[in-house]
Amino acid sequence: MSAVTAPAPQLTAARQALKRYYGYDNFRPMQGDIIQSILAGNDTVVLMPTGGGKSVCFQIPAVVSEGVCVVVSPLIALMKDQVEALKANGIVAAYINSSVGQSEASDITRAALSGHLKLLYVSPEKLLSDGFLQFLTRVNVSIFAIDEAHCISSWGHDFRPEYTQLGALRQHFPSTPIIALTATADRLTQRDIRTQLHLHEPKVFLSSFDRPNINLVVRPGQDRLGQILDFIGRHPKDAGIIYCLSRKTCETVAQKLQQKGIKAGHYHAGMTPNQRGSVQEAFLQDDLQVIVATIAFGMGIDKSNVRWVMHYNLPKNIEGYYQEIGRAGRDGSPATALLFYSFADVMSMREMVTKDVPQRQAQLNTAKLERMQQFAEAASCRRRILLHYFSEDLGHDCGNCDICRNPPITFDGTLLAQKALSASARTQQRVAINLLIDILRGMRNQAVLQHGYDQLKTYGAGQDLPYLDWYSYVHQMLNDGLFYIAYEEGYALKITERGQQVLKGQLPVSLKKFQVAEKAEKQTRASKKAAADAAAAGSGSPEAKLFERLRQLRKQIADEQGVPPYVVFTDTTLQEMAREQPTSRVAMLSVSGVGMKKFETYGEAFIEAIIQHGPPRPVPNVEDAEEDFAPAPTPRTAAKAADRDVNSTEDTTFQLHRQGLTPDQIAEQRGLVVGTVRAHLERAYAKGLDLRLQDFLSDSQVAEIAAARAQLGGAPALRDLFDHLREKYDYFQLRLAGIKLQRG
Ligand code: ADP
Ligand code: ZN
């Protein structure tokens, strides 16, 4: 057994900062080690999948160190979002790039010089622009963080020439630690990062690339639109991204979804930056549920509550696929990645990746595409295949992919294989997959009739099987090496040596049969429902309703403040709130994702929503002591008891108020937030109890508020009233005055 050693003091400070600023209790695996490495002054390379939690790795060291952490990030939109998220957590941060005006930029540089700033995000262009590095030498720079560091490598899929000049940093700052972060793990990229940034004996952290919360699903590419509509119909509130290959498809798919009343938008490189910006913005704000995009979309977004990602077309390699599905479920809650697969896609993709490129590159691209195809056609755990690709071994099947949920059945497929091989042989091996299947199934279409294939002996030999089954079996035969595809002959199927042996009855073939997707889906739905019922989280449950209410509140606040909803709280945090129903300061702060600053900014509003939503879980109260002796409540008395809990907690507050305590004192004594106490007092007052109103408002103040209300038409929205009175009164005072005026 390893001895438990006391954490280094620096790490303790880091952990405290994690709780205080982010509201998280623990580091994820690796984050702690990475932070320790950086704080010890090492150059550090972090390879972690999207959503793995890279930002925390440099943000926490930035917060607990003296000086400014300079973050180089390639994407302007992402910079803004990250800085907003940091500010919402109470961390002083800013960004400078081409979108920032001169005077704002000089405010920021001043803040950097004064040491007030903890993180400064800059674009590579800005960093390398005239005089900026000289300026930085006057700033106390704690750390350089190079985000999306794979952009430095021309091997990568995302090469940015500006990045190659970042090597200059080391010359100007020989002893400032550099941390490079990326979600790309391949060896060549890694090597480029080290050498080009002149990292000094860097510590390298390669985290697992597994994203266990993403359910991996591949579906045959028939009726994609119908399948998409069906999926969205079953997840009407969940945000998602659909990736398409062409701009045209993007537009038509988005349009079809809109016609069905779904809030969908399209996004591709053919739009103006303004158009793209506003679509992206609407998606971030949860005003659009679905984005249909070419691959151009996504690098610049940091939305943590994307619940699903679909690939309308086959991606050209696994790296790209993995990066794109990684945009789902970054908050760690369950998410779905759905890939539509058809052989036609493979063919057109093959043409695309080999056209107009040198032969060596074409070979590499083809090999990568083949790996992607193998993944799509897999008959074993998909996650294992993916992780193998990134040189990782999961060690067990994942249980969260379509194959694991719905394992195929193996059977003796020799006869079926012989039918297909024979049909192919009788066409002189001239037909491609679709036509072969048509012949087997006895279809009377033009392609069949034109060549007289309806006269073949094997015509209709497989008409008992549906198209999709044949489709799957022929693909398995391809993977098994019985056929190969002659690309240069219109994708005709050719019989291999092995295929000949099967045809002659010298070699048996085993095939895999998949359950019908519908049925499997129903089964998982049924088992999911059972689990959900058990957790009392079905969509009609009180918990689900509260979650919905909290989501609305989040949206409202986000719109008011002009930030994306997830900057307020993530879905995961709201789910925990709905489950735990925190109504006190301590309880709210113990929810994961509620840090000090967010508590101060939003805590009261959410607590109030939870209280108003309905009977909270009984809070232990002095008055509840009698319950100890009461018989176990029947459902009906339980409901009454819950009612009384609300009343009695309000009563307690009211009594303390009558004894002369201020709301702050009451909150302190009762371990509640002051907002809750105020809500209690408002309700007591509205019920007709006698509040000492003069503690909060003088008669002349009430008169002033009354006059303002009259000016605004009698019953204005509180926010308008608040603005109209130029923030002179808080909402509590405005509401009390409202009640008094109503009471007359
Ligand atoms: P990456 O940059 O690697 O894609 P992020 O830094 O955006 O990932 O983190 C993804 C999500 O995980 C964010 O919502 C972040 O707040 C959350 N997260 C990060 N670290 C932790 C942690 N220790 N505990 C809980 N959530 C965390
Ligand atoms: Zn699996």
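Scroll up to find the structure this text is about.
These remarks concern the structure in this document. Everything quoted here is computed from the prediction, not taken from an experiment. (Residues numbered from 1 in each chain as written. Chains lettered and ligands numbered in written order. Predicted model: local features only at pLDDT ≥ 70, side-chain atom pairs only at ≥ 80, totals over all residues. Heavy atoms only, no water.)

Attention shifts here to the environment of Val-290. With respect to the helices and strands, the residue Val-290 is situated in strand S11 (residues 290-293). The exposure class of Val-290 is buried, given its relative accessible area of 0%. Distance in space between the C-alpha atoms of Val-290 and Ala-254 is 8.2 Å, their sequence separation being 36 residues. Apart from the residues lying within four places of it in its own chain, the contact partners of Val-290 are Ile-232, Gly-240, Ile-242, Leu-257, Ile-262, Lys-263, Ala-264, Gly-265, Phe-283 and Trp-308. (Helix = DSSP H or I, 4+ residues; strand = E, 2+ residues; numbered from the N terminus. Buried < 20%, exposed > 50% of the residue type's maximum accessible area, 1.4 Å probe, protein only. Contact = heavy atoms within 4.5 Å.)

Our next topic: the sheet that holds strand S10 (residues 264-267). Strand order in this open sheet of six strands is S8-S13-S12-S9-S11-S10, and the pairing throughout is parallel. Every interior strand has two partners, whereas the edge strands, strand S8 (214-220) and S10, have only one. Averaged over neighbouring strand pairs, the angle between their axes works out to 15° when direction is ignored. With four bridges joining them, S10 and S11 adopt parallel strand pairing. (Pairing = 2+ DSSP bridges. Axes fitted to C-alpha atoms, helices over the stretch in contact; angles between N-to-C directions.)

Now for the coordination of the zinc ion (ligand 2). In the first shell of the zinc ion (ligand 2), the protein supplies Cys-381 (SG), Cys-398 (SG), Cys-401 (SG) and Cys-404 (SG), at 2.3 to 2.4 Å from the metal. One chain supplies every donor to the zinc ion (ligand 2), and in sequence these donors are spaced C-x16-C-x2-C-x2-C. (Donors = N, O, S within 2.8 Å, 3.2 Å for Na, K, Ca; no water.)

Moving on, we get to the packing of helix H30 (residues 663-670) against helix H31 (residues 674-686). Across the interface, H30 lies against H31 with an axial gap of 8 Å and an inter-helix angle of 115°. Taken together, H30 and H31 sit at an angle that is classed as roughly perpendicular. Both H30 and H31 take part in a crossing whose hand is right-handed. Residues Pro-663, Asp-664, Ile-666, Ala-667 and Arg-670 of H30 form the contact with H31, whose participating residues are Val-674, Val-677, His-680 and Leu-681. (Parallel < 35°, antiparallel > 145°, perpendicular 65-115°, else oblique. Left-handed = near helix turned anticlockwise from the far one by under 90°.)

This part covers H31. An α-helical turn contains 3.6 residues, so a residue and the one three or four places further along point in the same direction. Taking 1.5 Å as the rise per residue, H31 with 13 residues should run 18 Å; its terminal C-alpha atoms sit 18 Å apart, in good agreement. The buried fraction of H31 amounts to ten of the 13 residues, a majority that puts the element mostly inside the structure. What H31 keeps buried is the set Val-674, Gly-675, Thr-676, Val-677, Ala-679, His-680, Leu-681, Glu-682, Ala-684 and Tyr-685. (Expected span 1.5 Å × (residues − 1).)

Between two aromatic rings, the relevant description is the distance of the centres plus the angle of the planes. According to the stated counting rule, one finds eleven aromatic pairs in the structure shown. Seen in terms of ring centroids, Tyr-22 and Tyr-24 are 6.3 Å apart; in terms of plane orientation they differ by 25°. Their pairing is stacked. By relative accessible area, which is 31% here, Tyr-24 ends up partly exposed. Aromatic side chains Tyr-467 and Tyr-471 sit 5.8 Å apart centroid to centroid with 25° between the ring planes, which places their arrangement in the stacked category. Of this pair, Tyr-467 and Tyr-471 both sit in helix H21 (residues 467-479), separated by four residues, roughly a single helical turn. A relative accessible area of 21% places Tyr-467 in the partly exposed class. A residue is classified by how much of its surface remains accessible, and Tyr-471, at 7% relative accessible area, is buried. Cation over ring: Arg-224 sits above Tyr-312, and NZ or CZ is 5.5 Å from the ring centre. The ring of Phe-732 carries the charged tip of Arg-678 above its face, separated from the ring centre by 5.6 Å. (Phe/Tyr/Trp six-rings, centres within 6.5 Å; stacked < 30°, edge-to-face > 60°. Lys NZ or Arg CZ within 6 Å of the ring centre and 35° of its normal.)

Moving on, we come to the pattern of salt bridges. For the coordinates displayed, the defined rule picks out 26 salt bridges. Note that Asp-345 and Arg-224 form a salt bridge whose closest N and O atoms lie 3.1 Å from each other. Pair noted here: Asp-345 is in helix H14 (residues 343-354) and Arg-224 is in helix H10 (residues 224-234), with a separation of 121 residues, a long-range link. Across this residue pair, the class does not change: Asp-345 and Arg-224 are buried. The salt bridge involving Arg-382 is made with Asp-402; its shortest N-O contact spans 2.7 Å. Placement of Arg-382 in helix H16 (residues 382-389) and of Asp-402 in helix H17 (residues 402-405) is noted, with a sequence separation of 20 residues between them. What makes Arg-382 buried here is its relative accessible area of 4%. (Salt bridge = Lys/Arg side-chain N within 4 Å of Asp/Glu carboxyl O.)

Relative to strand S16 (residues 492-495), strand S15 (residues 483-486) is paired through four bridges, and the arrangement is antiparallel. What sits directly across from Ala-486, in S16, is Ala-492. In sequence, S15 turns back onto S16 through a hairpin of five residues, with Gly-490 there showing a positive phi of about 60°.

All right, on to the side chain of Thr-336 then. Residue placement: Thr-336 occurs in strand S13 (residues 335-341). Those residues in contact with Thr-336, other than ones at most four positions away along the chain, are Ile-214, Asn-215, Val-217, Phe-231, Arg-307, Trp-308, Val-309 and Ala-328.

A few words now on the environment of Ile-610. By the element assignment, Ile-610 lies in helix H28 (residues 596-613). Judged by relative accessible area, which is 1%, Ile-610 ranks as buried. Through-space distance from the C-alpha of Ile-610 to that of Gln-581 is 6.3 Å; in sequence the pair is 29 residues apart.

Moving on, we get to the sheet that holds strand S7 (residues 203-206). As summarised here, the arrangement of the seven strands in space is S3-S4-S2-S5-S6-S1-S7, forming an open sheet in which the pairing is parallel. Both edges of this open sheet fall to strand S3 (93-96) and S7, since each of them pairs with a single strand only. This sheet shows a mean twist of 20° between the axes of neighbouring strands, independent of strand direction. Here strand S2 (residues 68-72) pairs with strand S5 (residues 141-146) via five bridges, running parallel. Following the sheet pairing, Val-68 is matched in S5 by Val-141. Each of S2, S3 and strand S4 (119-122) is contacted by helix H5 (residues 102-114), which is oriented at about 130° to S3, the strand it contacts most.

Now for the site of ligand 1. Residues in close proximity to ligand 1 total 15 residues, the closest being Tyr-24, Asn-26, Gly-51, Ser-55 and Arg-330. The separation between a nitrogen atom of ligand 1 and a polar side-chain atom of Gln-31 is 3.0 Å. One of the backbone nitrogen or oxygen atoms of Gly-53 is found 3.0 Å away from an oxygen atom of ligand 1. In isolation ligand 1 exposes 560 Å². Once the protein is present, 85% of that is buried. Looking at the shell around ligand 1 residue by residue, the classes come out as four nonpolar, seven polar and four charged. (Near = heavy atom within 4 Å. Polar contact = N/O pair within 3.5 Å; in protein donor to acceptor, adjacent residues only side chain to side chain. Areas by Shrake-Rupley, 256 points an atom, 1.4 Å probe, with all protein chains shown as cover. Nonpolar A, V, L, I, M, F, W, Y, C, P; charged D, E, K, R; others polar.)

It is worth spelling out the pairing of S5 at this point. The buried count for S5 comes to six of six residues, which makes it a mostly enclosed element. The pairing of S5 with strand S6 (residues 178-182) spans three bridges and is parallel. Its bridge partner being in S6, Phe-144 is matched across the sheet by Ile-178.

Time to look at H28. For H28, with 18 residues, the first-to-last C-alpha span of 24 Å sits near the 26 Å given by 1.5 Å per residue. Of all the bends in H28, the largest measures some 60° and sits at Tyr-602. Within the sequence span of H28, burial applies to Lys-598, Phe-599, Tyr-602, Gly-603, Phe-606, Ile-607, Glu-608, Ala-609, Ile-610 and Ile-611. (Bend = angle between axes of the 7 residues up to and from the residue.)

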